[in-house]
Amino acid sequence: MKRAYFCPHCRGLLNPGAKVIFVIERGRDRGLLLLSPEFGDYAAVLAESFPIEPGAVNDFFCPICHHELGSPASDNLVEILCRLPDGGEARVDFSRVAGEHATFVCGPHGVASFGEHAPRYEDVNFFGEGDLTRRSDR
């Protein structure tokens with residue numbers, strides 16, 4: 001079963017196809033960003049007319065309801081929802097800083113981290129959901 005991602009505000013499906021779709025904004029520029037649905041895969045598809053420089057901070061929006069997707073856990077994270085294989089849900093927080101590879105899956109068994117930059121967020125409280133489980137192999 002394919003992993004499904006949802007907007008936490010309108011509950012709209014963010015990955016109707018092979019990629020997770022977002023609207024991103026930086027200053028007055030706005031564009032679509034497509035990300036891999038696999039944890040730890042940081043491949044991105046973006047229009048050539050909207051280049052992203054490493055370290056740039058982008059605002060993420062739901063492409064359906066246009067609500068900003070900032071995470072309450074950190075100003076540098078985006079937060080969406082994910083349906084788990086057992087039918088439950090988890091929060092997925094990931095970095096909105098271009099080139100920073102950090103993803104956190106906050107579910108019923110705690111918080112799992114992915115990406116080489118995840119340790120930068122070791123002091124973030126993901127709402128007391130448990131100990132951070134390091135996944136440095138991704």
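Our subject is the structure that appears above.
Residues numbered from 1 in each chain as written. Predicted model: local features only at pLDDT ≥ 70, side-chain atom pairs only at ≥ 80, totals over all residues. Heavy atoms only, no water.

A. Inspection of the sheet that holds strand β5 (residues 59-61) at higher detail. Judged by pairing direction, the sheet is antiparallel, and its four strands sit side by side in the order β4-β3-β2-β5 without closing on themselves. Two strands lie at the open edges of the sheet, namely β4 (44-46) and β5, each paired on one side alone. Sheet twist, expressed as the mean angle between neighbouring strand axes with direction ignored, is 35°. Pairing between strand β2 (residues 20-26) and β5: three bridges, direction antiparallel. If you follow Val23 over to β5, its bridge partner there is Phe61. (Pairing = 2+ DSSP bridges. Helix = DSSP H or I, 4+ residues; strand = E, 2+ residues; numbered from the N terminus. Axes fitted to C-alpha atoms, helices over the stretch in contact; angles between N-to-C directions.)

B. Region of the structure containing the side chain of Arg96. Looking at the secondary structure, you find Arg96 in the loop between β7 (89-95) and β8 (103-107). Within the structure, Arg96 has its side chain in polar contact with the backbone oxygen of Asn58 (distance 2.9 Å). Side-chain polar atoms of Arg96 contact the side chain of Asp59, separated by 2.6 Å. With residues up to four places along the chain from it excluded, the contact list for Arg96 reads Ala56, Val57, Asn58, Asp59, Phe60, Asp75, Asn76, Leu77 and Val78. (Polar contact = N/O pair within 3.5 Å; in protein donor to acceptor, adjacent residues only side chain to side chain. Contact = heavy atoms within 4.5 Å.)

C. Spatial organisation of the pattern of salt bridges. On inspection of all chains with the given rule, the structure shows six salt bridges. Glu89 is the partner of Arg11 in a salt bridge, and the nearest nitrogen-oxygen pair spans 2.1 Å. Pair noted here: Arg11 is in the loop between β1 (4-6) and β2 and Glu89 is in strand β7, with a separation of 78 residues, a long-range link. On the basis of relative accessibility, which here comes to 43%, the residue Arg11 falls in the partly exposed class. (Salt bridge = Lys/Arg side-chain N within 4 Å of Asp/Glu carboxyl O. Buried < 20%, exposed > 50% of the residue type's maximum accessible area, 1.4 Å probe, protein only.)

D. Seen up close, the pairing of β2. Where β2 meets strand β3 (residues 29-35), seven bridges bridge the pair, whose relative direction is antiparallel. Looking at β3, one finds that Glu25 is bridged to Arg30. The loop that links β2 with its antiparallel partner β3 comprises two residues; one of these, Gly27, has a positive phi angle of about 65°.

E. Representation of the side chain of Glu100. If you trace the backbone, Glu100 turns up in the loop between β7 and β8. Within the structure, Glu100 has its side chain in polar contact with the side chain of Tyr121 (distance 2.4 Å). Not counting chain neighbours up to four residues away, the residues in contact with Glu100 comprise Ser95, His117, Arg120 and Tyr121.

F. Fine view of the packing of aromatic side chains. Taken as a whole, this structure holds six aromatic pairs when the rule is applied. Where Phe22 meets Phe60, the ring centres are 5.4 Å apart and the plane angle is 75°; that geometry is what we call edge-to-face. Taken together, the residues Phe22 in strand β2 and Phe60 in strand β5 connect sequence positions 38 residues apart. Taken as a pair, Phe22 and Phe60 share a single burial class, namely buried. Following the ring pairs from residue to residue traces out a cluster consisting of Phe22, Phe60 and Phe94. Positioned above the aromatic ring of Phe39, the side-chain terminus of Arg3 is 4.0 Å from the ring centre. Here Arg26 stacks its cationic end above the ring of Phe50, 4.8 Å away from the centre of that ring. (Phe/Tyr/Trp six-rings, centres within 6.5 Å; stacked < 30°, edge-to-face > 60°. Lys NZ or Arg CZ within 6 Å of the ring centre and 35° of its normal.)

G. Highlighting the pairing of strand β9 (residues 110-114). In terms of burial, β9 is a largely internal element, four of the five residues being buried. Direction of pairing for β8 relative to β9: antiparallel, over a ladder of five bridges. Considered in β9, the bridge of Thr103 is made with Phe114. From the end of β8 to the start of β9, which pair antiparallel, there are two residues.

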